[in-house]
Amino acid sequence: MTEKFVVTGGAGYIGSHVCVELASAGHDVLVIDDFSNSHPEAVRRIQEITGVDISLLEVDLANPANLPKVIESVGAFDATGAVHLAGLKAVGESVEQPARYYDVNINAALTLLRALENAGAKKLVFSSSATVYGDLNESPVNETGATGAANPYGRSKLFIEEILKDIATADKDWRIANLRYFNPVGAHSSGRIGEDPNGVPNNLFPFIAQVAVGKRDKLRIFGDDYPTRDGTGVRDYIHVVDLARGHVAALDYLAETKQGGAIDINLGTGGGVSVKEAVAAFKRASNRDIPFEIAPRREGDIAEIYADTSLAKDLLNWRATKTLDDMCADHWHWQRNNPNGFKS
Ligand code: UDP
């Protein structure tokens with residue numbers, strides 16, 4: 001059945017891939033984005049890839065003054081549900097500017113909730129993160145694991161999850177999935193959309209990709225004395241297209257389930273990859289040298305985390321299908337074709 005989904009942050013890295021999968025599955029999409037950390041060109045390319053028209057509302061969702069406009073547009077679009085990705089996401093910045101992070105991330109979520117409520121579209125997928133698990137669990141970590149994020153960014157995700165649970169408890173019509181992403185990497189196989197970080201990348205893959213393409217001299221590996229197989233940090237990297245398909249699967253599940261409520265679901269591959277393994281794989285895929293040096297541990301980093309993915313398999317009938325080599329090949333394809341991101 002064709003549905004009408006609002007995708008906030010739909011021009012961003014994950015959002016653009018979610019839009020492609022939703023549009024390819026035959027759904028109508030309204031992107032809400034203020035382009036504060038994304039580019040209008042991404043929306044054009046979503047349409048280029050899918051051949052489908054995407055509606056767009058350019059607005060800052062976090063500014064309460066925009067509530068009437070958002071309510072009006074979501075109502076006029078006749079939305080049946082939403083994927084909420086809009087928000088600030090830089091961990092280090094969140095430590096320096098906690099009030100801004102809580103203000104933007106929580107107000108954006110509340111504004112969207114009001115607009116969905118008004119439209120009677122009580123179906124929502126929220127972009128959460130494995131960061132909510134902090135350093136409190138053995139891997140593989142499942143959704144009953146202890147939560148306690150280590151920084152304001154992570155806590156804003158956790159707080160929004162909790163807000164959504166309260167809302168789903170108070171009104172049984174709501175169907176909500178908090179998708180806890182592990183580490184999204186890679187890009188669409190077309191090479192037309194991908195991650196376009198502002199300034200120096202914080203995350204491993206965009207940094208490696210910029211070293212491979214010659215934009216940066218070398219990677220700094222943050223610590224090689226962790227209690228892991230080669231001493232470097234282990235994460236569960238997931239191809240962004242697999243991740244995006246997980247959103248479609250979650251929305252299908254929410255459409256079918258008889259039971260209202262808010263549920264937490266991990267989206268990962270279930271396997272761990274070390275920093276050195278990721279570097280080696282990217283080197284193979286790009287056929288470029290990736291010089292690195294060992295640097296001190298990064299504050300707040302944990303040794304190892306990867307997902308228990310059984311709930312996503314059981315409930316959503318979804319699992320990640322792409323390999324680490326696919327992730328590297330697609331990430332490289334995007335980086336090489338768009339060395340300056342959407343500006344090129
Ligand atoms: N990392 C690194 N150098 C970098 C960026 C990241 O060694 O320039 C390491 C980091 O310490 C961690 C892994 O790569 O072990 C993944 O880091 P990322 O920031 O991508 O994800 P997160 O730590 O948020 O899971």
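As shown above, the structure is provided for reference.
Residues numbered from 1 in each chain as written. Predicted model: local features only at pLDDT ≥ 70, side-chain atom pairs only at ≥ 80, totals over all residues. Heavy atoms only, no water.

**Structural notes on the pattern of salt bridges**
Link 1 in the chain: Applying the stated criterion across every chain yields a total of 23 salt bridges.
Link 2 in the chain: When the shortest N-O distance is used, the salt bridge between Glu41 and Arg44 registers 2.9 Å. With Glu41 and Arg44 both in helix α2 (residues 40–50), this residue pair falls 3 residues apart, about one helical turn.
Link 3 in the chain: In this structure, Asp171 engages Lys122 in a salt bridge whose closest nitrogen and oxygen atoms are separated by 2.6 Å. With a gap of 49 residues between them, Asp171 in the loop between α6 (152–170) and β6 (175–181) and Lys122 in the loop between α5 (98–119) and β5 (123–129) connect regions that are remote in the sequence. (Salt bridge = Lys/Arg side-chain N within 4 Å of Asp/Glu carboxyl O. Helix = DSSP H or I, 4+ residues; strand = E, 2+ residues; numbered from the N terminus.)

**Description of the side chain of Asp171**
Link 1 in the chain: By relative accessible area, Asp171 is classed as buried at 19%.
Link 2 in the chain: Within the structure, the side chain of Asp171 is placed 2.6 Å from the side chain of Lys122, a separation counted as a polar contact.
Link 3 in the chain: Residues in contact with Asp171, not counting those within four places in the same chain, are Glu117 and Lys122. (Buried < 20%, exposed > 50% of the residue type's maximum accessible area, 1.4 Å probe, protein only. Polar contact = N/O pair within 3.5 Å; in protein donor to acceptor, adjacent residues only side chain to side chain. Contact = heavy atoms within 4.5 Å.)

**Digging into the site of the ligand**
Link 1 in the chain: The environment of the ligand is formed by 14 residues, the closest being Leu204, Arg220, Arg235, Arg298 and Asp301.
Link 2 in the chain: Between the ligand and Leu204 there is a distance of 2.8 Å, counted from an oxygen atom to a backbone nitrogen or oxygen.
Link 3 in the chain: Asp301 is positioned such that a nitrogen or oxygen atom in its side chain is 2.5 Å from an oxygen atom of the ligand.
Link 4 in the chain: Compared with its free state, where it exposes 520 Å², the ligand has 88% of that area covered by protein.
Link 5 in the chain: When residues of the shell around the ligand are assigned to their parent elements, the largest contribution, 4 residues, is made by strand β8 (residues 219–222).
Link 6 in the chain: Looking at side-chain class alone, the shell around the ligand contains 6 nonpolar, 4 polar and 4 charged residues. (Near = heavy atom within 4 Å. Areas by Shrake-Rupley, 256 points an atom, 1.4 Å probe, with all protein chains shown as cover. Nonpolar A, V, L, I, M, F, W, Y, C, P; charged D, E, K, R; others polar.)

**Quick look at the side chain of His84**
Link 1 in the chain: Structurally, His84 can be placed in strand β4 (residues 81–84).
Link 2 in the chain: You can call His84 buried: its relative accessible area is 3%.
Link 3 in the chain: A polar contact is formed between the side chain of His84 and the side chain of Thr8, at a distance of 2.7 Å.
Link 4 in the chain: When residues no more than four places from it in sequence are discounted, the contact partners of His84 are Thr8, Leu61, Ala108, Ala109, Leu112, Leu124, Val125, Phe126 and Ser127.

**Regarding the sheet that holds β6**
Link 1 in the chain: Pairing within the open sheet is parallel, and its 7 strands lie in the order β3-β2-β1-β4-β5-β6-β11. Of all strands in the sheet, those bounded by a partner on one side alone are β3 (55–58) and β11 (261–267). On average, adjacent strands in this sheet sit at an angle of 20 degrees to one another, irrespective of strand direction.
Link 2 in the chain: Two strands pair when backbone bridges link them, and β6 and β11 are joined in this way by 7 bridges, in the parallel orientation. When the sheet's bridge partners are listed, Arg180 is paired in β11 with Asn266.
Link 3 in the chain: Sitting on the sheet, helix α3 (residues 67–77) is in contact with β1 (4–8), β2 (28–33) and β3, with an inclination near 170 degrees to β2.
Link 4 in the chain: Against the sheet, helix α8 (residues 240–256) engages β1, β4, β5, β6 and β11, with an angle of about 160 degrees to β6. (Pairing = 2+ DSSP bridges. Axes fitted to C-alpha atoms, helices over the stretch in contact; angles between N-to-C directions.)

**Describing the packing of aromatic side chains**
Link 1 in the chain: Enumeration over the complete set of coordinates arrives at 6 aromatic pairs.
Link 2 in the chain: Plain terms: the ring middles of Phe205 and Tyr237 are 5.1 Å apart, the flat faces sit at 50 degrees to each other, and that makes the pair tilted. A residue pair is termed long-range when its members are at least 10 positions apart, and Phe205 in helix α7 (residues 204–212) and Tyr237 in strand β10 (residues 237–239) qualify at 32 residues. Judged on exposure class, the residue Phe205 and its partner Tyr237 are both buried. (Phe/Tyr/Trp six-rings, centres within 6.5 Å; stacked < 30°, edge-to-face > 60°.)

**Thoughts on the nonpolar core**
Link 1 in the chain: Residues Leu22 and Leu316 are the most contacted members of the largest nonpolar core, which totals 44 residues.
Link 2 in the chain: Contact partners of Leu316, with chain neighbours within four places excluded, come to Gly246, Ala249, Ala250, Tyr253, Ile265, Leu267 and Leu311.
Link 3 in the chain: Of all hydrophobic cores here, the second largest spans 27 residues; its members include Val70, Ile106, Ile160 and Leu164. (Core = buried A, V, L, I, M, F, W, Y, C linked by side-chain atoms within 4.5 Å.)

**Considering the environment of Val52**
Link 1 in the chain: One can find Val52 in the loop between α2 and β3.
Link 2 in the chain: On a C-alpha basis, the gap between Val52 and His84 in space is 21 Å, while along the polypeptide they are 32 residues apart.
Link 3 in the chain: Here Val52 is in contact with Ala23 and Gln47, once residues within four sequence places are set aside.

**Considering unusual backbone geometry**
Link 1 in the chain: Cis geometry marks the peptide bond from Ser139 to Pro140; its omega dihedral reads 0 degrees.
Link 2 in the chain: Mapped onto the secondary structure, Pro140 falls in the loop between β5 and α6.
Link 3 in the chain: Positioned with a positive phi, Asp78 is a non-glycine residue whose angle comes to about 65 degrees.
Link 4 in the chain: Its location among the elements puts Asp78 in the loop between α3 and β4.
Link 5 in the chain: Positive phi outside glycine occurs at Asn317, with the angle close to 55 degrees.
Link 6 in the chain: Topologically, Asn317 is positioned in the loop between α10 (310–316) and α11 (324–337).
Link 7 in the chain: With relative accessibility at 73%, the residue Asn317 sits in the exposed group.

**Side note on the layout of surface pockets**
Link 1 in the chain: Of the volumes computed, that of the second largest pocket is approximately 170 Å³.
Link 2 in the chain: Lining the second largest pocket are 16 residues, and of these Asp196, Pro197, Gln210, Lys215 and Pro339 lie nearest its centre.
Link 3 in the chain: Elements with a minimum of two residues in the lining of the second largest pocket: α7 and α11.
Link 4 in the chain: Per-element accounting of the lining of the second largest pocket gives the leading share, 3 residues, to α11. (1 Å grid on protein atoms, 1.4 Å probe; cavity = no way out; pocket = protein on both sides within 12 Å on 5 of 7 lines; lining within 4 Å. Points joined across faces, edges and corners; volume = space filled by probe spheres on them.)

All quantities given are derived from atomic positions and should not be read as evidence of function.
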